Amino acid sequence: MSLLPVVERHLRAHAIPPSRFGRLATGDPRFVFDLRRGREPRAGTRARVLAQIASDAARAQEGPHATAL
């Protein structure tokens, strides 16, 4: 399964700029742009990206008043 559609859906659903997501998920602000050009990430990078998506989704479910630890 390609990672790009998952990332694109997440960016739209959470109104996250691609460069911010790339920086948070991988430390690379060009990550999403590179995915769009055909980059295939390694397994570890893919896992970090999916973990960031899960973290963002969990934070969104907690609501705007949730505090960070």
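Remember, it's a predicted structure, so these values are computed and weren't measured experimentally. (Residues numbered from 1 in each chain as written. Predicted model: local features only at pLDDT ≥ 70, side-chain atom pairs only at ≥ 80, totals over all residues. Heavy atoms only, no water.)

Things to note about unusual backbone geometry
Although it is not a glycine, Ala-15 adopts a positive phi angle of roughly 50°. Relative to the elements of secondary structure, Ala-15 occurs in the loop between α1 (3-14) and α2 (18-26). Taking the relative accessible area as the measure of exposure, Ala-15 reaches 65% and is therefore exposed. (Helix = DSSP H or I, 4+ residues; strand = E, 2+ residues; numbered from the N terminus. Buried < 20%, exposed > 50% of the residue type's maximum accessible area, 1.4 Å probe, protein only.)

Examining the packing of α1 against helix α4 (residues 43-62)
Relative to each other, α1 and α4 sit at 25°, their axes nearing to 11 Å. When the axis of α1 is compared with that of α4, the two are roughly parallel. For the pair α1 and α4, the sense of crossing is left-handed. Of α4, the residues touching α1 (which contributes Leu-3, Val-6, Val-7, His-10 and His-14) are Arg-46, Val-49, Leu-50, Ile-53, Asp-56, Ala-57 and Ala-60. When the residues that make up the contact of α1 with α4 are grouped by side-chain class, the tally is 8 nonpolar, 2 polar and 2 charged. (Axes fitted to C-alpha atoms, helices over the stretch in contact; angles between N-to-C directions. Parallel < 35°, antiparallel > 145°, perpendicular 65-115°, else oblique. Left-handed = near helix turned anticlockwise from the far one by under 90°. Contact = heavy atoms within 4.5 Å. Nonpolar A, V, L, I, M, F, W, Y, C, P; charged D, E, K, R; others polar.)

Overview of α2
Listing the buried residues of α2 in full gives Pro-18, Phe-21, Gly-22 and Ala-25. Down the axis of α2, the smallest arc covering the buried residues is 100°, so these residues share one side. On its buried side, α2 packs onto α1, α3 (31-36) and α4. (Arc of directions from axis to C-beta.)

Quick look at the side chain of Asp-56
Here Asp-56 shows up in helix α4. For Asp-56, a relative accessible area of 8% gives the class buried. Leave out the neighbours within four places in its chain, and Asp-56 touches His-10, His-14, Ile-16 and Phe-21.

Considering the environment of Gly-22
You can see Gly-22 is positioned in helix α2. On the basis of relative accessibility, which here comes to 0%, the residue Gly-22 falls in the buried class. Considered as a pair, Gly-22 and Val-49 are 27 residues apart in the sequence and their alpha carbons are 8.3 Å apart. Among residues more than four places away in sequence, those in contact with Gly-22 are Gly-27, Asp-28, Pro-29, Phe-31 and Val-32.

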